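Structural features, examined
One-letter residues, chain by chain:
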Amino acid sequence: MADRILDLSKTVYELCKEYPDIPEVLAEAGFHDITRPGMIATAGRFMTIPKGAEMKGIDLGAVKKLFSERGYKIKEDSK
């Protein structure tokens, strides 16, 4: 299986199109609203995981760790 790269500069919408299991992992990480109908198609179009974590008060390090445990490699924003 090819590496699954989690590019944190992409929107949640883009990531979910690329990897359909992402909403499940995000919900487990504390982003419970992501499972609401239409949420990915609306807020997900402009929200990134780091922005969402900051807004919700969720530790981004813990989110990254969870994705790593699920087989993702984290690509940091290259700014």
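Residues numbered from 1 in each chain as written. Predicted model: local features only at pLDDT ≥ 70, side-chain atom pairs only at ≥ 80, totals over all residues. Heavy atoms only, no water.

1. Points about the layout of surface pockets
When its volume is computed, the largest pocket comes out at roughly 240 Å³. If you trace the largest pocket, you find 14 residues lining it, with Phe31, Ile34, Met47, Gly52 and Lys56 closest to the centre. By residue number, the principal contributor to the lining of the largest pocket is helix α3 (residues 49-56), which donates four residues. By residue class, the composition of the lining of the largest pocket is nine nonpolar, three polar and two charged. (1 Å grid on protein atoms, 1.4 Å probe; cavity = no way out; pocket = protein on both sides within 12 Å on 5 of 7 lines; lining within 4 Å. Points joined across faces, edges and corners; volume = space filled by probe spheres on them. Helix = DSSP H or I, 4+ residues; strand = E, 2+ residues; numbered from the N terminus. Nonpolar A, V, L, I, M, F, W, Y, C, P; charged D, E, K, R; others polar.)

2. Some remarks on the environment of Gly38
Residue placement: Gly38 occurs in the loop between α2 (22-29) and α3. Along the sequence, Gly38 and Pro23 sit 15 residues apart, while their C-alpha atoms lie 12 Å from each other.

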